[in-house]
Amino acid sequence: MNFKITLLPGDGIGPEVVAEAVRVLDAIASKHGHSFKFTERLMGGCSIDKFGSSLTDETLADCKSADAVLLGAVGGPKWDDPSAKDRPERGLLALRKGLGVFANLRPVKAHSALMEWSPLKPEKLKGVDIMVVRELTGGLYFGWPKGRDVKDGRERAVDTLEYYDYEVKRVMELAFKLAKGRKKKVASVDKANVLESSRLWRQIAAQTGKENPGIELEHVLVDTASMKLITSPASFDVVVTENMFGDILTDEASVLAGSMGMLPSASLGESGAGLFEPVHGSAPDIAGRGIANPIGAILSSAMMLRHSFKLEAEAASIEKAVDDVITSGARTADIGGKLTTRQMTDEIIKRM
Ligand code: NAD
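For clarity, every value in this text was computed on a predicted model and none was experimentally measured. (Residues numbered from 1 in each chain as written. Predicted model: local features only at pLDDT ≥ 70, side-chain atom pairs only at ≥ 80, totals over all residues. Heavy atoms only, no water.)

Engineer: What should I look at first to understand the site of the ligand in this one?
Structural biologist: Around the ligand lies a shell of 19 residues, among which V74, G281, A283, D285 and N293 are the nearest. At 2.9 Å, a backbone N or O of G76 approaches an oxygen atom of the ligand. Contact between the ligand and D285: an oxygen atom at 2.9 Å from a side-chain N or O atom of the residue. Relative to its free-state accessible area of 810 Å², the ligand is covered by the protein chains to the extent of 69%. Split into classes, the residues belonging to the shell around the ligand amount to 8 nonpolar, 7 polar and 4 charged. (Near = heavy atom within 4 Å. Polar contact = N/O pair within 3.5 Å; in protein donor to acceptor, adjacent residues only side chain to side chain. Areas by Shrake-Rupley, 256 points an atom, 1.4 Å probe, with all protein chains shown as cover. Nonpolar A, V, L, I, M, F, W, Y, C, P; charged D, E, K, R; others polar.)

Engineer: Explanation requested: the packing of helix 1 (residues 14–32) against helix 11 (residues 312–328) in the structure shown.
Structural biologist: The angle between the axes and the distance between the axes are what describe a pair of packed helices. Across the interface, helix 1 lies against helix 11 with an axial gap of 11 Å and an inter-helix angle of 130 degrees. By the angle class used here, helix 1 and helix 11 are oblique. For helix 1 against helix 11, the interelement crossing comes out right-handed. Side by side, helix 1 and helix 11 meet where V24, I28 and H32 of the first sit next to E314, S317 and I318 of the second. (Axes fitted to C-alpha atoms, helices over the stretch in contact; angles between N-to-C directions. Helix = DSSP H or I, 4+ residues; strand = E, 2+ residues; numbered from the N terminus. Parallel < 35°, antiparallel > 145°, perpendicular 65-115°, else oblique. Left-handed = near helix turned anticlockwise from the far one by under 90°. Contact = heavy atoms within 4.5 Å.)

Engineer: What is the right way to read the nonpolar core from this model?
Structural biologist: Soluble globular proteins tend to pack their nonpolar side chains together in the buried interior. Core analysis: the largest hydrophobic core is formed by 64 residues, its most contacted members being F36, L105, V133, L305, F309, I318 and I348. Counting residues per element, this core draws most heavily on helix 1, which supplies 9 residues. No fewer than three residues from each of domain 1 (1–102 + 263–352) and domain 2 (119–257) sit in this core. Residue contacts for I348: discarding those within four places in its chain leaves I295, I298, A321, V322 and V325. Ranked by size, the runner-up nonpolar core spans 23 residues in total, among them L125, V128, A187 and V239. (Core = buried A, V, L, I, M, F, W, Y, C linked by side-chain atoms within 4.5 Å. Buried < 20%, exposed > 50% of the residue type's maximum accessible area, 1.4 Å probe, protein only. Domains from an automatic or database assignment.)

Engineer: What am I meant to see in the domain arrangement of the chain here?
Structural biologist: Structurally, the chain comprises domain 1 (1–102 + 263–352) and domain 2 (119–257). Just the C-alpha atoms count here: the centres of domain 1 and domain 2 sit 25 Å apart. Opposite the 9 residues of domain 1 that make contact, domain 2 presents 10 residues. Both sides together, the interface formed by domain 1 and domain 2 hides about 1000 Å², and carbon and sulfur atoms give 74% of it. (Buried area = accessible area lost by both parts, 1.4 Å probe.)

Engineer: Just to check I follow, could you spell out the packing of aromatic side chains for this structure?
Structural biologist: Aromatic ring pairs are described here by two measures, namely the spacing of the ring centres and the angle between the planes. Under the counting rule described, the total for this entry stands at 5 aromatic pairs. Measuring from ring centre to ring centre gives 3.8 Å for F3 and F309, while their planes differ by 10 degrees; the resulting arrangement is stacked. Here the residue F3 occupies a position in strand 1 (residues 2–10), and F309 occupies one in the loop between helix 10 (295–307) and helix 11, the gap between them amounting to 306 residues. Taking relative accessible area as the criterion, F3 reaches 10% and is therefore assigned buried. One residue, K97, lies across the ring of F142, its end atom 4.5 Å from the ring centre. (Phe/Tyr/Trp six-rings, centres within 6.5 Å; stacked < 30°, edge-to-face > 60°. Lys NZ or Arg CZ within 6 Å of the ring centre and 35° of its normal.)

Engineer: Is there a simple way to think about helix 12 (residues 341–351) in this case?
Structural biologist: Every α-helix carries 3.6 residues per turn, so stepping three or four residues along brings you back to the same face. Listed in full, the buried residues belonging to helix 12 are T341, M344, T345, E347 and I348. On an axial view of helix 12, the arc spanned by its buried residues comes to 155 degrees, and they lie on one face. Taken together, the buried residues of helix 12 touch helix 1, helix 10 and helix 11. (Arc of directions from axis to C-beta.)

In structure tokens:
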């Protein structure tokens, strides 16, 4: 099969890990007889430097016309000035909005060979296999009005938490669909005791639950969810939540796995190109040294094969190779080893 993939390596370690994910995809292509055509574009800080914009119209158009987009990471101290007129994160939000990817999927698994790297006790981590589904294009980060002004002689700041029923429904349906192929449990996280938007969220979760009788639905308040992620993470299967709660809970969940460098993500819409990226940032502290863990980016490419190209066997072969490599004791510096980014990828490709 033929697929067009736009690469947005970005800043810091982004280009280092995306290059390794491309080597893995090339290996899959030659083993299984597929053809992946890659087009590379600038995005983030590097795009601000070259074009004065974190995401140009041309780059967005390229992404929209691709079958999938693979992103490294954006940002770094050079572009951190809060008063700058463009910032790398703006490009990221514009890309998500432009691609219409309304759901961010973040799987978190605790590998038994890496439990010592998690701050939690091994007995708490046993059996942890969570899929967090975060609503990505609505809520507090996009609601209007938003801004600063002076009212009654007082400086004021406003953000708006707004959701339409269809925005909740589509992400809820995706969460239930994912649960069908897993342990058949959905935890819908909200703050329905306080927020009107959460009461709409809960109403639609309940309605979707009724339409899917084979799936166990639980409503969890976000404060309780954040506690349970630490006290009993193995009790979760699929977790679905609104944009800001998801932003916070996914970072909390990510530490369960031991290293940020291990975790992939997929952002999906109704149709069109999906966006795949490791969970970690641009890691300026280790950029340019060739020691970043490439596994988050490599597992993101596996998610691309599964969700955008429907190549389940190929996706599973990458995931199994990563699992085998970790079990064998191969380690980059973030998980206590000495392998370089490239050597870690070599080990994975060898086992595919
Ligand atoms: P970070 O994820 O870049 O780094 C946090 C820590 O984890 C660092 O010590 C880093 O060395 C380590 N780390 C991260 N990825 C690793 C990998 N693959 N292998 C080994 N170690 C790894 O988060 P940060 O330091 O808070 O942010 C740095 C920059 O990245 C900031 O400018 C931030 O805005 C940006 N950022 C971007 C994204 C994104 O592009 N989606 C996400 C988060 C942060």
